Amino acid sequence: MNTINITLPDGSVRQYPHGVTSMQIAQSISEGLARNVLSATVNGEVWDATRPINGDASLKLHTWNDKEGKATYWHSSAHLMAEALEALFPGVKFGIGPAIDNGYYYDVDTGDTTLTPADLPRIEEKMMELAKNKNSYIRREVSKADAIAYFTDKGDEYKLELLEGLEDGQITFYTQGNFTDLCRGPHIPDTSSIKAVKLMNLAGAYWRGDEKRKQMTRIYGITFPKSKELTDYLELLEEAKKRDHRKLGAELELFMFSDKVGQGLPIWLPKGTQLRERLQNFLRAEQEKLGYQMVVTPHIGSKTLYVTSGHYAKYGADSFQPIHTPKEGEEFLLKPMNCPHHCEIFGHRPRSYKELPLRIGEFGTVYRYEQSGELHGLSRVRGFTQDDAHIFCTVEQVKGEFLNVLELTQMVIRKMGFDNFTAQISLRDPGKPEKYIGSEENWNAAEAAIIEATKEVDMETTTVLGEAAFYGPKLDFMIKDALGRSWQLGTIQVDYNLPERFGLEYIGSDNQAHRPVMIHRAPFGSMERFISILIEHTAGKFPLWLTPDQFALLPISDRLVPYCESVKAELARHDIRGFIDERAESIGRKIRDTELKRVPYMLIIGDKEAENGQISVRRQGQGDLGTMDISDFITRFTAEL
RNA sequence: GCCAGAUUAGCUCAGUCGGUAGAGCGGCUGUUUCGUAAUCAGCAGGUCGCGGGUUCGAGUCCCGUGUCUGGCUCCA
């Protein structure tokens, strides 16, 4: 047979000579496509576009515009960087160098020389110089013995270790220019499409992710086929920097940290507290509508509580250590989660099936000893408040409760101005039933309930097997912000373990004791983390109903302050809140300062407005909206809420 | 916790070869009473993160340590 059948994604079948490459197929379709093709999926596996196809195959060509194309491109860029490093730092050793979501990295060991950020431009230059050589990426199958010989000769113990895990017969090398690497591939045809490079940063990374092993230097980089795309990407990063919640949090006086109070312990300032409490009140009201009952539990709990829950055995050593009292033998732990307290609430008196589902909610402040290097603004802290609740129910009720939580979360997220909202469902690893507690029937029922519930609310989901907790399946919420970055919010988890450990029971209609199922849910994770995401998503321009100050009254002269007072009082009667800027500053200055504080409405008051009983309205970020009656403003304002 | 970098006035930053500290913004005082993004002037702010060391002399060099930043590992 001299010809093979190639099936394209549209289902059409074309015939090509045996040994044809994806590149040649692209050429037969169009020159333009051939110029842009980076790799191809052949029978479900991503291949080099230059690799011969030796049998009937399905084929999908990849360009810069798809995920696989970018991944190939960036992985090849990592090799290009390695070539540049080898030219500049002879003797450098290489770990692994994969593509990531935005670019690639390569872990390197430069021996006694330490790389510094000042070295990066030099490496970038070398990469561009090498890219211009238009070197092809050449794939070569090698025997294990030859491969070992090559890297032994080179003295790269990392590659040798990687080789140990590979089987003879499936080892390939890729070479471009003067650089040869152990690599499964695939790679782009040649280096000429790499037109712009930026090495982002340097970081330490453990060899094979093991903190007991040597730390290598990880160099992060990104490349693009057009220099304009690099410029755009760097602008996006600039924008992200401007929106950094740590920066905005300080500028807008929302929160602070103090070395004396302790790292990772946020202090909420008046404006931030207003924002947070308003958000909390909104969430509380919505949850009460859905049948949640709010409780308050102490910030510490006896060690016994956590021994019972099992958390002490699992996390005790890595937590804030017990608080000891003057009387010996008393030990308390800072509350790291609210569930044990809520279990005690359920168990404090006999429960009837008629009370289920029992939904116990709490804005519960918890303390966790996060490693110091993990702390980050408000998104990773040591003291935070969960929008927590525990639902005690029957297995039959799990689906309804999931629906309830999904709908609540969707509604709140939309109200907050996010529109891209997805979920990850984590189920058992079907091959390892011994890893999980709880009966087979209960697991099946709960997993089915979660999947059905997400279908009913029409939510985009991904399902991952083996990611469930040992005590039950779970669902994690994800949102994308205005810059397209993904954030993980909170979770809903089914738990068969804690009711067991706390011996929780209810009396069923059959007059027998039954064990309830417990659902943990904190859809937003924590107030701290959620607000950090909200700050970055909105760039500090919070939704009107939520923002601390909704307007600023800006009198042109201090003789107009009394009129401002009357306007403020009138707006207050309509629950519109704000302040008067009474400073002896020019109106231009007051407007500038108020714009920077992201106060949504600026009401400029001069003699004309005072005479006519009107206000001149300016919207933050939009400019002058003209003069209007106060009642018209209230109408406009209320419509925007 | 680990690797790398940073740490100077409230903030953003400058500070040369080691010779005793500087700007802008902000603050205060005065001035300006103004029409849609900074009125003008003066003044006050610093144990150069902290603790040691080298030196006649340390913001600057060395050691230790705190905190922050970027990653790694971790995240009930």
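Definitions and limits used
Residues numbered from 1 in each chain as written. Chains lettered and ligands numbered in written order. Predicted model: local features only at pLDDT ≥ 70, side-chain atom pairs only at ≥ 80, totals over all residues. Heavy atoms only, no water. Pairing = 2+ DSSP bridges. Helix = DSSP H or I, 4+ residues; strand = E, 2+ residues; numbered from the N terminus. Axes fitted to C-alpha atoms, helices over the stretch in contact; angles between N-to-C directions. Contact = heavy atoms within 4.5 Å. Salt bridge = Lys/Arg side-chain N within 4 Å of Asp/Glu carboxyl O. Buried < 20%, exposed > 50% of the residue type's maximum accessible area, 1.4 Å probe, protein only. Parallel < 35°, antiparallel > 145°, perpendicular 65-115°, else oblique. Left-handed = near helix turned anticlockwise from the far one by under 90°. Nonpolar A, V, L, I, M, F, W, Y, C, P; charged D, E, K, R; others polar. Near = heavy atom within 4 Å. Polar contact = N/O pair within 3.5 Å; in protein donor to acceptor, adjacent residues only side chain to side chain.

1. A word on the sheet that holds strand E13 (residues 179-182)
- Pairing is antiparallel across the open sheet formed by three strands, whose spatial order is E11-E12-E13. This sheet does not close on itself; its edge strands, each paired only once, are strand E11 (138-142) and E13. Put simply, the sheet's adjacent strands are angled 25° from each other on average, direction ignored.
- As paired strands, E11 and strand E12 (residues 171-176) are joined by five bridges and run antiparallel to one another. Looking across to E12, one finds that Ile-138 is bridged to Thr-175.
- Sitting on the sheet, helix H3 (residues 67-88) is in contact with E12 and E13, with an inclination near 125° to E13.

2. Describing the pattern of salt bridges
- Per the counting criterion, the structure on display carries 41 salt bridges.
- Glu-570 serves as the salt-bridge partner of Arg-573, at 2.7 Å between the closest nitrogen and oxygen. Pair noted here: Arg-573 and Glu-570 are both in helix H17 (residues 561-573), with a separation of three residues, about one helical turn.
- Take Arg-573: its relative accessible area is 59%, and that puts it in the exposed class.
- Take Glu-570: its relative accessible area is 24%, and that puts it in the partly exposed class.
- Residues participating in the shared-partner salt-bridge network are Asp-581, Arg-583, Arg-589 and Asp-593.

3. So, the packing of helix H5 (residues 144-154) against helix H6 (residues 157-164)
- Packing of H5 against H6 brings their axes to within 8 Å, and their N-to-C directions diverge by 165°. Regarding the angle of H5 to H6, the classification is roughly antiparallel. Judged by the sense of rotation from one axis to the other, the crossing of H5 with H6 is left-handed. Where H5 abuts H6, its residues Lys-144, Ala-147, Ile-148, Phe-151 and Thr-152 lie against Lys-159, Leu-160, Leu-163 and Glu-164.
- Taken together, the residues that form the contact of H5 with H6 break down as five nonpolar, one polar and three charged.

4. Re the protein's contact with RNA strand B
- In the vicinity of RNA strand B lie 47 residues, with Ser-372, Glu-374, Arg-589, Glu-609 and Ser-616 positioned nearest.
- Among all atoms of RNA strand B positioned within 4 Å of the protein, those belonging to sugar or phosphate total 47%.
- In this structure, Arg-559 approaches RNA strand B through a side-chain N or O atom, which is 3.4 Å from a phosphate oxygen.
- Here Arg-589 contributes a side-chain N or O atom positioned 2.2 Å from a phosphate oxygen of RNA strand B.
- In terms of residue count, the dominant contributor to the surface near RNA strand B is helix H18 (residues 587-596) (seven residues).
- Looking at side-chain class alone, the surface near RNA strand B contains 13 nonpolar, 16 polar and 18 charged residues.

5. Section: the packing of helix H13 (residues 398-415) against helix H14 (residues 440-456)
- Where H13 contacts H14, the axes come no closer than 9 Å and their chain directions differ by 40°. The angle between H13 and H14 places the two elements in the oblique class. Crossing hand, H13 versus H14: right-handed. Only Ala-449, Ile-450, Glu-452, Ala-453, Thr-454 and Glu-456 of H14 make contact with H13, whose side of the interface consists of Val-398, Lys-399, Phe-402, Leu-403 and Leu-406.
- When the residues that make up the contact of H13 with H14 are grouped by side-chain class, the tally is seven nonpolar, one polar and three charged.

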